[in-house]
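# Coordinates in review
For reference, the chains in residue letters:
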Amino acid sequence: MILVTGATGSIGRYLVDRLRQQTTPFRALVRDPDRGRELDCDLVVGDFDDPDSIAAALSGVERVFLCSPGAQPVPEPQPMVDQQTTVIDAAVRAGVQRVVKVSVWGARRGGLLAEGAHAEIEARLEASGLDWSILQPSGFMQNFLTGAGAFTSSGDLLGAYGQARVSYIDCADIAACAAVLLTSDLGSRQRFVLTGPETLTHTEIAARLSEALGRTVSYIDRSPADFADNLTVQGLPAQFATDVATLYADVAGGSLAETTSTVSDLTGRPATTFAEFLDREWDLLRRWPPRHYV
Ligand SMILES: NC(=O)c1ccc[n+]([C@@H]2O[C@H](COP(=O)([O-])OP(=O)(O)OC[C@H]3O[C@@H](n4cnc5c(N)ncnc54)[C@H](OP(=O)(O)O)[C@@H]3O)[C@@H](O)[C@H]2O)c1
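Residues numbered from 1 in each chain as written. Predicted model: local features only at pLDDT ≥ 70, side-chain atom pairs only at ≥ 80, totals over all residues. Heavy atoms only, no water.

This next bit is on the nonpolar core. General note: in soluble globular proteins, nonpolar side chains tend to be found buried as a group. One finds Leu 157, Ile 205, Leu 209 and Phe 274 to be the most contacted residues of the largest nonpolar core, which totals 36 residues. Counting residues per element, the ones that place at least two in this core are α6 (143-146), β7 (150-151), β8 (157-159), α8 (202-213), α9 (224-233), α10 (238-252) and α12 (274-280). Looking at this core element by element, the count peaks at 7 residues for α10. In this structure Phe 274 touches Met 141, Phe 144, Glu 198, Leu 200, Ile 205, Arg 208 and Leu 209, once residues within four positions along its chain are discounted. The next biggest cluster of nonpolar side chains, apart from the first, holds 33 residues, and it includes Val 16, Ile 169, Ala 178 and Val 263. (Core = buried A, V, L, I, M, F, W, Y, C linked by side-chain atoms within 4.5 Å. Buried < 20%, exposed > 50% of the residue type's maximum accessible area, 1.4 Å probe, protein only. Helix = DSSP H or I, 4+ residues; strand = E, 2+ residues; numbered from the N terminus. Contact = heavy atoms within 4.5 Å.)

Spatial strand order, β7-β8-β10: 3 strands in an open sheet with mixed pairing. Looking at the sheet topology across the chains shown, the edges are occupied by β7 and β10 (219-221). The sheet contact formed by β7 and β8 spans 2 bridges and is antiparallel. Within β8, the residue paired with Ala 150 across the bridge is Leu 158. (Pairing = 2+ DSSP bridges.)

Quick look at the site of the ligand now. Lining the immediate environment of the ligand, one finds 26 residues, of which Thr 8, Arg 31, Arg 35, Phe 48 and His 118 sit closest. Interatomic distance of 2.9 Å between a backbone N/O atom of Ile 11 and an oxygen atom of the ligand. Here Arg 35 contributes a side-chain N or O atom positioned 2.7 Å from an oxygen atom of the ligand. In isolation the ligand has 950 Å² of accessible area, and contact with the protein removes 83% of it. For the shell around the ligand, the secondary structure elements donating two or more residues are α1 (10-20) and α5 (113-127). Class assignment for the residues of the shell around the ligand results in 10 nonpolar, 12 polar and 4 charged. (Near = heavy atom within 4 Å. Polar contact = N/O pair within 3.5 Å; in protein donor to acceptor, adjacent residues only side chain to side chain. Areas by Shrake-Rupley, 256 points an atom, 1.4 Å probe, with all protein chains shown as cover. Nonpolar A, V, L, I, M, F, W, Y, C, P; charged D, E, K, R; others polar.)

Here you go:
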């Protein structure tokens, strides 16, 4: 039995779709059973902040897909550290064999926001005695459709990446890798850096969006400092804004500019290009621009 956490999220939905087509039994952990019903699979209701619910959800479970929301604009430590530690500790007590965890490319002790938090969780997972596989993905293509990217109210793309290239990945490919690691013996105690098959600048991404939408989407580049000011004006904590701007500056310096062959190595098929992704997600594109913008 597999337990899928984060099942209603960007990666989780694709993972549930994929596991539904396979024979290994699984259940999805959801906070809201109504939302979970859309997943069309066995559900268990639970919350990372309620350890008893997590212990109950893990009964009879051999493998866990561990995924929770990214960095939050709250004082450190990031909530994901306690939340994922709750799952890891409960998994040890429940006799779970393997945890497949979604981390982030660049996770490192002392890193900012998600990078530091994931490194801490990775260390706890490694020390837990459980078998593990850790996925370290690049930025998600889905950010450009769900609003986790930044847009003007008219749908132009905003960022502070200069002309740096980024190897964005489709969450469906992350889910495909997770499915392999959850249903086979591959990947024990290994980290996998997952990227898309190509690197694109944000100007090129805006051009692909323009082509798919049949209207002009421009990329507006700001300095990391301007970007931080903008986040602060919107009411986000100053430290969070500064940290986000620093991470943007890292990306502008090329921190996500490489590609790996891991998706095709693990799944046996090439990773999805940005153009293929936009083609597949035409329904979401029709609702452009995403409601959340800066
Ligand atoms: N965005 C990127 O570019 C990027 C890049 C690399 C790595 N990552 C990492 O990817 C992860 C996020 O993955 P994602 O985008 O698939 O997630 P997501 O879309 O943000 O979804 C989060 C999931 O967690 C569930 N959840 C939230 N709070 C919960 C709680 N208290 N108890 C139980 N479940 C809870 C949500 O359920 P509800 O439906 O109930 O809300 C949802 O299913 C983060 O760890 C992030 O650091 C992101």
